[in-house]
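Given next are the chains, with one letter for each unit.
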Amino acid sequence: MTVATTTEEQSLPTLPTRPKWGVILFMAAIHIAALFALLPSNFSWTAVGIAVLFHWVTGGLGITLGWHRLVTHRSFVLPKWLEYFFVFCGALSCQGGVIDWVGEHRQHHLYSDQSLDPHDSNKGFWWSHILWLFYESHAEQEIDRYTKDIADDPVYQFFQKNFIPIQVALGVVLYLLGGWSFVVWGIFVRLVVTFHCTWFVNSATHKFGYRTYESGDRSTNCWWVALVSYGEGWHNNHHTFQYSARHGMQWWEIDITWMTIQLLQALGLATKVKLVEK
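- For the protein chain, an unreviewed UniProt entry supplies the name Delta-9 desaturase and the organism Microseira wollei NIES-4236.
- Taken from UniProt, the Subcellular location (unreviewed entry) comment for the protein chain reads in full: "Membrane".
- On record in UniProt, under Sequence similarities (unreviewed entry), the comment for the protein chain is "Belongs to the fatty acid desaturase type 2 family."

## Structural notes on the UniProt feature "domain: Fatty acid desaturase" (unreviewed entry) in the protein chain
Now for step 1: Mapped onto this structure's residue numbering, the UniProt feature "domain: Fatty acid desaturase" (unreviewed entry) falls at residues 44–255.
Now for step 2: Summarising residues 44–255: 59% helix, 0% strand, and an end-to-end C-alpha distance of 30 Å.

## Quick look at the packing of aromatic side chains
Now for step 1: One pass over the full model with this rule turns up 16 aromatic pairs.
Now for step 2: With 6.1 Å between their ring centres and 75° between their planes, phenylalanine 43 and tryptophan 185 make a pair best called edge-to-face. With a gap of 142 residues between them, phenylalanine 43 in the loop between helix H2 (21–34) and helix H3 (45–72) and tryptophan 185 in helix H11 (residues 180–203) connect regions that are remote in the sequence.
Now for step 3: With a relative accessible area of 38%, phenylalanine 43 lands in the partly exposed category.
Now for step 4: A ring pair is formed by tryptophan 67 and tryptophan 101, whose centres lie 5.7 Å apart and whose planes are at 65°; its orientation type is edge-to-face. Of this pair, tryptophan 67 sits in helix H3 while tryptophan 101 sits in helix H5 (residues 98–110), placing them 34 residues apart in sequence.

## Some details on the layout of surface pockets
Now for step 1: Approximately 750 Å³ is the volume attributed to the largest pocket.
Now for step 2: Lining the largest pocket are 39 residues, with Gln95, Gly96, Trp101, Glu104 and Leu133 positioned closest to its centre.
Now for step 3: Of all elements in the fold, only H2, H3, H5, helix H10 (163–178) and H11 reach the threshold of two or more residues within the lining of the largest pocket.
Now for step 4: Broken down by element, the residue count for the lining of the largest pocket peaks at seven residues, all from H11.
Now for step 5: A class-by-class count of the residues in the lining of the largest pocket yields 18 nonpolar, 16 polar and five charged.
Now for step 6: Taken as a whole, the second largest pocket holds about 260 Å³ of empty space.
Now for step 7: Taken together, 14 residues line the second largest pocket, and the ones lying closest to its centre are Ser115, Lys123, Glu136, Ser137 and His138.
Now for step 8: Broken down by class, the residue content of the lining of the second largest pocket amounts to six nonpolar, five polar and three charged.

## Description of the nonpolar core
Now for step 1: Counting residues in each nonpolar core, the largest one holds 56 residues, and the members touching the most others are Phe76, Leu78, Val98, Leu174 and Trp185.
Now for step 2: Those elements that place two or more of their residues in this core are H2, H3, helix H4 (80–91), H5, helix H9 (154–161), H10, H11 and helix H14 (256–266).

## Re a nonpolar patch on the surface
Now for step 1: On the surface, Ile164, Val168, Val172, Tyr175, Leu176 and Trp180 cluster together to form a nonpolar patch covering roughly 650 Å² of accessible area.
Now for step 2: With five residues, the single largest contributor to the nonpolar patch is H10.
Now for step 3: Mapped onto the secondary structure, tyrosine 175 falls in helix H10.
Now for step 4: Note on tyrosine 175: relative accessible area 41%, which makes it partly exposed.

## Looking at the pattern of salt bridges
Now for step 1: A complete count under the given rule lists nine salt bridges for this structure.
Now for step 2: In this structure, the salt-bridge partner of arginine 69 is aspartate 255, at a minimum N-O distance of 3.0 Å. Placement of arginine 69 in helix H3 and of aspartate 255 in the loop between helix H13 (235–240) and H14 is noted, with a sequence separation of 186 residues between them. Each of the two residues, arginine 69 as well as aspartate 255, counts as buried.
Now for step 3: Taken together, the shared-partner salt bridges in this structure form one network comprising Arg74, Lys80, Glu83, Arg106 and Asp149.

## Focus on empty space enclosed by the protein
Now for step 1: One pass over the full model with this rule turns up one cavity of 30 Å³ or more.
Now for step 2: In this structure, the largest cavity spans a volume of roughly 30 Å³.
Now for step 3: Lining the largest cavity, in full, are Trp56, Gly60, Leu61, Leu65, Tyr230, Ile256, Thr257 and Thr260.
Now for step 4: Mapped onto the lining of the largest cavity, the elements with two or more residues apiece are H3 and H14.
Now for step 5: Of all the elements, H3 adds the most residues to the lining of the largest cavity, at four residues.
Now for step 6: Broken down by class, the residue content of the lining of the largest cavity amounts to five nonpolar, three polar and no charged.

Rules behind the numbers
Residues numbered from 1 in each chain as written. Predicted model: local features only at pLDDT ≥ 70, side-chain atom pairs only at ≥ 80, totals over all residues. Heavy atoms only, no water. UniProt positions renumbered as here; feature names shortened; annotations may be inferred. Helix = DSSP H or I, 4+ residues; strand = E, 2+ residues; numbered from the N terminus. Phe/Tyr/Trp six-rings, centres within 6.5 Å; stacked < 30°, edge-to-face > 60°. Buried < 20%, exposed > 50% of the residue type's maximum accessible area, 1.4 Å probe, protein only. 1 Å grid on protein atoms, 1.4 Å probe; cavity = no way out; pocket = protein on both sides within 12 Å on 5 of 7 lines; lining within 4 Å. Points joined across faces, edges and corners; volume = space filled by probe spheres on them. Nonpolar A, V, L, I, M, F, W, Y, C, P; charged D, E, K, R; others polar. Core = buried A, V, L, I, M, F, W, Y, C linked by side-chain atoms within 4.5 Å. Patch = residues over 30% accessible without salt bridge, like charges linked within 9 Å, V, L, I, M, F, W, Y side chains within 5 Å. Areas by Shrake-Rupley, 256 points an atom, 1.4 Å probe, with all protein chains shown as cover. Salt bridge = Lys/Arg side-chain N within 4 Å of Asp/Glu carboxyl O.

Here it is as C-alpha cells:
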C-alpha cells in the first residue's frame, strides 16, 4: 500500500528514533516475572481464576469497553461515576496513561496504516504488535491535539499519572489474599496476556482474516482476535464504522463487549448508543 506524503507530515520536525529504555525495561521485567508461574509452588487453580477474572475486568471492561468504545469513540454514554469506574479498570491494565492511550488510538484511526499511524502495519507485524512502543514517535508530540475532551479532567489526570502505583496497590491486596501465587498470576501473567491480546488488535487484525468493507487501510476481521479481546477482532467492521458500539455485525461475529453494552442499556445505564443503520 503506497500512501502519498501529506502536507501535515511534511511540516512535522524530524524526530530521532530513540529507544524508550524505561518502557523496554518495564516490559522485559513484566514478561520475566510472569515466568515464575512455571514454578509448581506458584500454581493453584484459584490463582489462575484470579488471572482470568482480572483479564476480563482490565482487558474487557477496562480497555475494550471503557478506554476504547466509551472514551476513544464515544459510542455510548454512561453516568460519569460509571465512566470513571471503567477508566479505573483500564488503568489496572497498565497500558500507559489513559490520556496517552486515547490520543494515540484516535491518531491511529485518523492515519490508519500511514506514516503518522503510531503502529503503522506497513512496517511489519512485530512493529505494529510491540516494537512501536519502544521508540519515540510523533504521536507523543500530538497527544494534546486529540484529547481536549478529557485532558483537563482531574480524574483522568489521576489515572494518567498513577497507573503504576495503582498496580502496586492491587499487588499488595492480592498478596494479602493469597500470597505470591496470586501476585504472579493476578499481576504478571495477567498483564502479559492482556498486553498481547490488546496488541493483536494492532498487528494481527491488519494482517490475518477477511475484509467485509473497503475501509481504506489494511484492517481485517479476525475471529481468534475477537475471541481473546472481547469482540475487538472485528476490526475491519470497526474501522469502517468507528462510531458504532457494536463491532460484530453478523450473527456469527460474536462480540462480548457489545453484549455487555446491551446489558448496561437494558439497565438504563448506557444511553445514546450509536449503531450502524441497516
